[in-house]
Amino acid sequence: MKQFKNVMEIFNGRPEPSPVGADISIALQPLPGIPILMCYWKPEDGLESFLKVLVDSTAEANLHIESIFILCVGLMRMFAKVADSHG
C-alpha cells in the first residue's frame, strides 16, 4: 500500500475520499480536463490487492471515450511497471 502511495505521489496525485470504499483513493489529472480517481484495495483474507480507475463524467467532453480508455490502460501498465521495478 505504501508503494502505491509513493507511485501516485510521483505523478502529482492527491488523496481524495473514496466513493467506493477503497483503502486509498488518489486523484490524478493526466491530461487537462481528464480527472481520474485511482482506487486501491490492499490484499485481505486471501484476496489479492485490487485497483480500480474511475473517470469523471466530464472527461468525455474533452477527449474521445476510446482515447480515455487507452490513457487509463496505459497509466495502469506504467504504474505496474514502476511498482514492479521498485518492489
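What counts and what doesn't
- Residues numbered from 1 in each chain as written.
- Predicted model: local features only at pLDDT ≥ 70, side-chain atom pairs only at ≥ 80, totals over all residues.
- Heavy atoms only, no water.
- pLDDT = per-residue confidence, 0-100.
- Helix = DSSP H or I, 4+ residues; strand = E, 2+ residues; numbered from the N terminus.
- Core = buried A, V, L, I, M, F, W, Y, C linked by side-chain atoms within 4.5 Å.
- Buried < 20%, exposed > 50% of the residue type's maximum accessible area, 1.4 Å probe, protein only.
- Contact = heavy atoms within 4.5 Å.
- Pairing = 2+ DSSP bridges.
- Polar contact = N/O pair within 3.5 Å; in protein donor to acceptor, adjacent residues only side chain to side chain.

## Observations concerning the confidence of the model for the chain
Low-confidence regions, as indicated by low pLDDT, have predicted coordinates that should not be scrutinised in detail.
And step 1. Taken over all residues, the pLDDT of the chain has a mean of 86, while the share at 70 or more is 89%.
And step 2. Per-element mean pLDDT across the chain ranges from 69 in helix α1 (residues 2–10) up to 91 in strand β3 (residues 34–41).

## Description of the nonpolar core
And step 1. One finds Ile 24, Ile 26, Leu 28, Ile 34, Ile 36, Met 38, Tyr 40, Ala 59, Ile 68, Cys 72, Leu 75 and Phe 79 forming the largest nonpolar core, which totals twelve residues.
And step 2. For Ala 59, the residues in contact, after removing those within four places along its chain, are Gly 33, Ile 34 and Ile 68.
And step 3. In terms of nonpolar packing, the next biggest core, distinct from the first, is built from five residues, Ala 22, Ala 27, Cys 39 and Trp 41 among them.

## Re the sheet that holds strand β4 (residues 50–55)
And step 1. Taking strand neighbours across the sheet as the criterion, the four strands line up as β1-β2-β3-β4 in an open arrangement whose pairing is antiparallel. Looking at the sheet topology across the chains shown, the edges are occupied by β1 (14–15) and β4.
And step 2. Summarising the sheet, β3 and β4 pair through six bridges and their orientation is antiparallel. Among the inter-strand pairings, Leu 37 is bridged to a residue of β4, identified as Leu 54.

## Focus: the pairing of β3
And step 1. For β3, the buried fraction is high: seven of the eight residues fall into the buried class.
And step 2. Note that strand β2 (residues 24–31) and β3 share six bridges and pair antiparallel. Within the sheet, the bridge partner assigned to Ile 26 lies in β3 and is Met 38.
And step 3. Between β2 and β3, which pair antiparallel in sequence order, lie two residues; one of them, Gly 33, sits at a positive phi of approximately 80°.

## Some details on the environment of Glu 16
And step 1. Inspection of the secondary structure puts Glu 16 in the loop between β1 and β2.
And step 2. Taking the C-alpha atoms as reference points, Glu 16 and Cys 39, separated by 23 residues in sequence, lie 9.5 Å from one another.
And step 3. Engagement of the side chain of Glu 16 in a polar contact is seen with the side chain of Arg 14, the distance being 3.0 Å.

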